[in-house]
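As a plain string of letters, each chain reads:
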There are 2 protein chains.
Amino acid sequence: MIKKKNNFLRAVPLHIETGGINIAVLNAEQAKDMDVKHLDRVMVKHNSKSIICSVDITHISVKKGEVGLFVEPWEKLSLKKKGSKLRVVSVPKPLGLEFIKSKLEGEELNKDEIFTIIKDIVDDALSDVELTAFITGSYCRGLSMEETYNMTMAMVETGDTLKVGKGAVFDKHSIGGVPGNRVTMILIPIISSTGLKIPKTSSRAITSPAGTADTMEVFAPVDLSKNRIESIVKKVGGCIVWGGSFNLAPADDKIIKVEKPLSIDAEGQLLASIMAKKLSVGSNHVIIDLPIGPGTKVPTHEKAEELKEDFVTLGDKLGIKVDCIESNGSQPCGNGIGPALEARDVLKVLTNAKDAPQDLKNKSLLFAGTMLEMAGKAEKGKGSTKAAEILESGKAYEQFKRIVKAQGGNPDFKINNIKVGSYTFSVKSDTNGIVTIINNKTLSDCARAAGAPYNKGAGVFINVKLSDFVKAGDALLTVYSESRLKLERARKVLKEKKVFTIQ
Amino acid sequence: MIKKKNNFLRAVPLHIETGGINIAVLNAEQAKDMDVKHLDRVMVKHNSKSIICSVDITHISVKKGEVGLFVEPWEKLSLKKKGSKLRVVSVPKPLGLEFIKSKLEGEELNKDEIFTIIKDIVDDALSDVELTAFITGSYCRGLSMEETYNMTMAMVETGDTLKVGKGAVFDKHSIGGVPGNRVTMILIPIISSTGLKIPKTSSRAITSPAGTADTMEVFAPVDLSKNRIESIVKKVGGCIVWGGSFNLAPADDKIIKVEKPLSIDAEGQLLASIMAKKLSVGSNHVIIDLPIGPGTKVPTHEKAEELKEDFVTLGDKLGIKVDCIESNGSQPCGNGIGPALEARDVLKVLTNAKDAPQDLKNKSLLFAGTMLEMAGKAEKGKGSTKAAEILESGKAYEQFKRIVKAQGGNPDFKINNIKVGSYTFSVKSDTNGIVTIINNKTLSDCARAAGAPYNKGAGVFINVKLSDFVKAGDALLTVYSESRLKLERARKVLKEKKVFTIQ
């Protein structure tokens, strides 16, 4: 088949977003002429920019001689007006497809093969089907440490990297699955207040009620350019920004978009994904939080040990010193779930408020302490004490305000100025007993139904934790929403499944 | 998360086809309200019909309170006018997803699990990502014979079945990969002329220059209703129709749409796919053509033996008597490639023309003969002779005309009335020697570039076969096209890669 056929077509914007894949729409006649079928790929070029699109077909919306473009390709090509002349050529199958087949057949891929696949992913050259085949193939067949290393390097090299200067650069990562858990927002100020560099990029929620980036956004913008982030880190030593705001290991985001709906984590890809982001921001000292519990990615201590060993081995190959800490993932960390409620928790800890959630504080001190020891800022075994001094002296809070200001936020905040939804209801215990189970999934579903993370003030505040004794009539949780409708939806979630088991 | 939220939205047709997936487009505000993100699924209901769609998002094309529908969902819901009120509800993850994960993890699936997945596939409840995960998982982990049996039954039960009466029903299948190879169109008349029932459904080309259905369409309509096919088989004993014209094992078509771009054939799925179609049309005696050669699905004799054993075992479980015949897949069968050129080959064989392609004739007689023996219409070892008698007496040709007429075609055809493209060029040998290799893939690519299968008259006619001696200046092949542009494209294919190796 002829793979390259030149065609100049006039651009028509279609204003539809897929959220990922680039779609170009061709008239049926045009497509036949080009021997292009549904979901075949074409390269669309405009001036110096070119992208690969999957083809949908129309008899009506787009005429022969035109090409309809969804929002993603329209924006990536920086198109301004309808009718711009575009070169549209059918493209051969991506090179990486052959190696994806090798992986499906159980072969180990070499460096070149992995780089080819990752480059295809970044270039949008793989269809959803092909990308999924690579991910599930890697999941079923596994990735060797060498493959994982090559994938990490390929992810880094196909993206942008942060330049934050020489010397030790610190970082922290949680593999997730625990509601609340805003350790990062307390740890970064503690660490950076000692003069250490810690350029932290965080994620937004995909299926959870809030990511660290969503919560930080209550205080300051998190969607900053690479240059801006570099200058913030140079100025105040640390930042808490959204990792998606610049082109950081872009292959990883595309892989996650496939893994999420399948709820699988190919271990090799998990390792590569995390370490690629760390390497891309220039970190060389990393502490990883491995929460253990139902619904997290690490169900058991044994699994955590395995993962820890792999993280350390991969870190060695990459020149990154890695430490992993197992934590309790069986209940939320902190009391708030949802951006504003979590922001309040963070502020309470940073300001040493009496009602600050102690579990969040203690976990933050443990992680910050371990990092201070790693950095030689505290003797072995004295890190947490040192971290507590920094926190309790108010230095961490001052540093947090500096970071907020540097990111463009207003550092003059009070807890009561953090607005939570005005539509609320509380759930009370109908029995006396001990809290034996907290269902994290139901809590998250409830907070999302209430409007989190889109509505910053929506979420759930829980009053009790595991092993707490409660009496009939005690408040267990309060739901906050910014609309009556969503409050009712949240109520419905709690009617279907219970959060607390009290025995 | 609340999974069912009622929303009546007004339908807006968007006139875009994906070729498979159902897409519904929601306004961004609407989607936020429903807590639906890109590629989440919604169920769209209209009167008694409901379908599952993936969600794209727009800020412009569709307003809040509306739902934009691509061509596939618009047609499946039998919508007539813009503004029809539709109920749109977000739907939970499909039930089968959990079992797809089990397969990825290497578990054997039981009957219920496989039926759930196949039902999800038929209901469009799986996204491309999820469907691919199932197919690649089955490919990497393999399917047991029990799983294959259950998949076959699930494919049959989720589709329509043909009722062609009791008693022996015959069928033939080629697992493909050989250009030309129109054995079916010669075998069906031979077999049905003896009073045996053989309701044959064939495919259209996906990536090849012609499927049997495309070539048969040169003579008669092939897109017939289930009732029509049943009455044709009752009347004349056989038919050659397009399998896609009614709802025959619909899960299979959706699986093939994923396997094709990956060019994988999970063996269990290949078996289930073929046998489900046979069972759906009511066949209980099947002969399967296993072409061996580079580019076919069976590279070696050993692989063919394995596959044969599995076909026979699965057939036993299903109550279908199966025989497999290994054939030569290293070169085209017949001289024409492309619908009209293949139709001419078929007609030459059926009319016992002097220039009829002998390889196509002999292969057809072998397969028809084996089937006559299976049916007890010929003694063991005498089948081919019997088939040759039927063919050479003209009975097969008369029967072919009866079938063409029954399908609504004009049985009064002459070879010269079968139009081939008027734009042509020939390639001549520039050397003396023996033909040692024929590149089937290049031949197919060339025929497609020339316009096949869309342009019936486009294709390639080859003058020489393997082991033929050719002299410099002898014609090797002629390309036919219906447009000058496409002829040039075909010429370009042949410039890039050669079809014949002559040594």
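Just so it is clear, the structure is predicted and the values come from calculations on it, not from any experiment.

### What to know about the overall build of chain A
Part 1: Summing up its helical and strand segments, chain A has 18 helices and 19 strands in all.
Part 2: For chain A, whose C-alpha radius of gyration is 25 Å, the value lies close to the compact-globule estimate of 23 Å for 503 residues.
Part 3: Looking at chain A as a whole, 59% of its 503 residues qualify as buried.
Part 4: With an accessible surface of roughly 19700 Å², chain A has 49% of that area assigned to carbon and sulfur atoms.

### Focus on the sheet that holds strand 16 (residues 459-462) of chain A
Residue and element names in this part refer to chain A.
Part 1: If you trace the 4 strands from one edge of the open sheet to the other, you get 13-16-18-14, paired in antiparallel fashion. Two strands bound the open sheet, and with one partner strand each, they are strand 13 (336-337) and strand 14 (423-428).
Part 2: Sheet topology note: the strand 13/strand 16 ladder contains 2 bridges and is antiparallel. Bridged to glycine 336 within strand 16 is phenylalanine 461.
Part 3: In this fold helix 17 (residues 440-449) packs onto strand 13, strand 16 and strand 18 (475-481), with an angle of close to 135° to the strand it touches most, strand 16.

### Brief notes about the pattern of salt bridges
Part 1: The tally for this structure, following the rule as stated, stands at 56 salt bridges over all chains.
Part 2: Here B:Lys277 makes a salt bridge to B:Asp252, at a shortest N to O gap of 3.3 Å. Linking B:Lys277 in helix 11 (residues 267-280) with B:Asp252 in helix 10 (residues 250-262), this pair joins segments that are 25 residues apart in sequence. There is no split in this pair, since B:Lys277 and B:Asp252 are both buried.
Part 3: Three or more residues are tied together by salt bridges with common partners; here these are A:Arg204, A:Asp214, A:Glu217 and A:Lys456.

### Focus: the layout of surface pockets
With a probe scaled to a water molecule rolled over the atoms, the places where space remains empty come into view.
All names here are of chain A.
Part 1: Of the volumes computed, that of the second largest pocket is approximately 390 Å³.
Part 2: Along its surface, the second largest pocket is lined by 19 residues, and Met43, Ile52, Asp120, Asp123 and Ala125 are the ones closest to its centre.
Part 3: Every element with two or more residues in the lining of the second largest pocket is listed here: strand 5 (49-58) and helix 4 (111-122).
Part 4: Residues of the lining of the second largest pocket, tallied by class, amount to 9 nonpolar, 2 polar and 8 charged.

### Re the interface of chain B and chain A
Part 1: Contact residues are listed per partner, giving 56 residues for chain B and 56 residues for chain A.
Part 2: Regarding the contact of chain B and chain A, the summed buried area is about 5100 Å², with carbon and sulfur atoms giving 57% of it.
Part 3: Linking chain B to chain A there are 2 salt bridges.
Part 4: Measuring nitrogen to oxygen at the nearest pair gives 3.4 Å for the salt bridge that ties A:Asp35 to B:Arg448.
Part 5: The interface formed by chain B and chain A contains 21 residue pairs in polar contact (both at pLDDT 80 or more).
Part 6: Among the secondary structure elements, those contributing two or more residues to the side of chain B that touches chain A are strand 2 (16-17), helix 1 (28-33), strand 5 (49-58), helix 3 (96-104), helix 5 (128-141), helix 10, helix 17 (440-449) and helix 18 (484-496) of chain B.
Part 7: The dominant element in the side of chain B that touches chain A, judged by the number of residues it contributes, is helix 5 of chain B, at 10 residues.
Part 8: Of the residues belonging to the side of chain B that touches chain A, the class tally is 25 nonpolar, 11 polar and 20 charged.

### Some words on the relation of the copies chain B and chain A
Part 1: Relative to chain A, chain B is turned by 180° and slid 0.0 Å along the rotation axis, the superposed coordinates differing by an RMSD of 0.1 Å. Classification of the inter-copy transformation places it as that of a two-fold axis.
Part 2: Both copies share a contact surface, since 100% of the interface residues of chain B are interface residues in chain A too.

### Details of the confidence of the model for chain A
The predicted structure's coordinates, where accompanied by low pLDDT, should not be read in detail.
Part 1: Taken as a whole, chain A shows an average pLDDT of 93; of its residues, 99% reach a score of 70 or greater.
Part 2: Taken as a whole, residues 1-5 of chain A scores under 50 in pLDDT and shows 21 contacts with residues more than four places along the chain or in a different chain.

### As for the nonpolar core
Part 1: A:Ile288, A:Phe311, B:Ile288 and B:Phe311 are the most contacted members of the largest nonpolar core, which has 102 residues in total.
Part 2: The element contributing the most residues to this core is helix 5 (residues 128-141) of chain A, with 7 residues.
Part 3: Excluding anything up to four places from it in sequence, B:Phe311 contacts B:Leu271, B:Ile274, B:Met275, B:Ile288, B:Leu290, B:Val322 and B:Cys324.

### Section: the sheet that holds strand 8 (residues 170-174) of chain A
All names here are of chain A.
Part 1: Pairing is parallel in the open sheet, where 3 strands are placed in the order 8-11-12. Each having just a single partner strand, strand 8 and strand 12 (321-328) make up the two edges of the open sheet. Strand after strand, the sheet turns through a mean of 20° between neighbouring axes, direction not considered.
Part 2: Pairing of strand 11 (residues 285-292) with strand 12 involves 8 bridges; the strand directions are parallel. Residue pairing in the sheet places proline 291 in a bridge with serine 327 of strand 12.
Part 3: Packed onto the sheet, helix 14 (residues 358-374) meets strand 8, strand 11 and strand 12 and runs at close to 150° relative to strand 11.

### A few points about the packing of aromatic side chains
Residue and element names in this part refer to chain A.
Part 1: By the definition in use, this model includes 9 aromatic pairs over all chains.
Part 2: Chaining the aromatic ring pairs together yields one cluster made of Phe219, Tyr397, Phe400 and Phe413.
Part 3: Over the face of the ring belonging to phenylalanine 8 we find lysine 85, whose NZ or CZ atom lies 5.4 Å from the ring centre.

### Observations regarding the domain arrangement of chain A
Part 1: By the assigned domains, chain A splits into domain 1 (8-90), domain 2 (96-142), domain 3 (170-406) and domain 4 (420-502).
Part 2: Averaged C-alpha coordinates put domain 2 of chain A and domain 4 of chain A at centres separated by 42 Å.

### A word on the packing of helix 11 (residues 267-280) of chain A against helix 12 (residues 301-318) of chain A
All names here are of chain A.
Part 1: Packing of helix 11 against helix 12 leaves a shortest axis separation of 11 Å and a crossing angle of 45°. The angle between the axes of helix 11 and helix 12 places the two elements in the oblique class. Crossing of helix 11 over helix 12 shows right-handed handedness. Mapping the contact onto sequence places Glu267, Leu270, Leu271, Ala272, Ile274, Met275 and Leu279 in helix 11 and Lys303, Glu306, Leu307, Asp310, Phe311, Leu314, Gly315 and Leu318 in helix 12.
Part 2: Of the residues that constitute the contact of helix 11 with helix 12, the class distribution is 10 nonpolar, 1 polar and 4 charged.

Reading the values: the criteria
- Residues numbered from 1 in each chain as written.
- Chains lettered and ligands numbered in written order.
- Predicted model: local features only at pLDDT ≥ 70, side-chain atom pairs only at ≥ 80, totals over all residues.
- Heavy atoms only, no water.
- Helix = DSSP H or I, 4+ residues; strand = E, 2+ residues; numbered from the N terminus.
- Rg over C-alpha atoms; globule rule 2.2 N^0.38 Å.
- Buried < 20%, exposed > 50% of the residue type's maximum accessible area, 1.4 Å probe, protein only.
- Areas by Shrake-Rupley, 256 points an atom, 1.4 Å probe, with all protein chains shown as cover.
- Pairing = 2+ DSSP bridges.
- Contact = heavy atoms within 4.5 Å.
- Axes fitted to C-alpha atoms, helices over the stretch in contact; angles between N-to-C directions.
- Salt bridge = Lys/Arg side-chain N within 4 Å of Asp/Glu carboxyl O.
- 1 Å grid on protein atoms, 1.4 Å probe; cavity = no way out; pocket = protein on both sides within 12 Å on 5 of 7 lines; lining within 4 Å.
- Points joined across faces, edges and corners; volume = space filled by probe spheres on them.
- Nonpolar A, V, L, I, M, F, W, Y, C, P; charged D, E, K, R; others polar.
- Buried area = accessible area lost by both parts, 1.4 Å probe.
- Polar contact = N/O pair within 3.5 Å; in protein donor to acceptor, adjacent residues only side chain to side chain.
- Least-squares fit on C-alpha atoms with pLDDT ≥ 70 in both.
- pLDDT = per-residue confidence, 0-100.
- Core = buried A, V, L, I, M, F, W, Y, C linked by side-chain atoms within 4.5 Å.
- Phe/Tyr/Trp six-rings, centres within 6.5 Å; stacked < 30°, edge-to-face > 60°.
- Lys NZ or Arg CZ within 6 Å of the ring centre and 35° of its normal.
- Domains from an automatic or database assignment.
- Parallel < 35°, antiparallel > 145°, perpendicular 65-115°, else oblique.
- Left-handed = near helix turned anticlockwise from the far one by under 90°.

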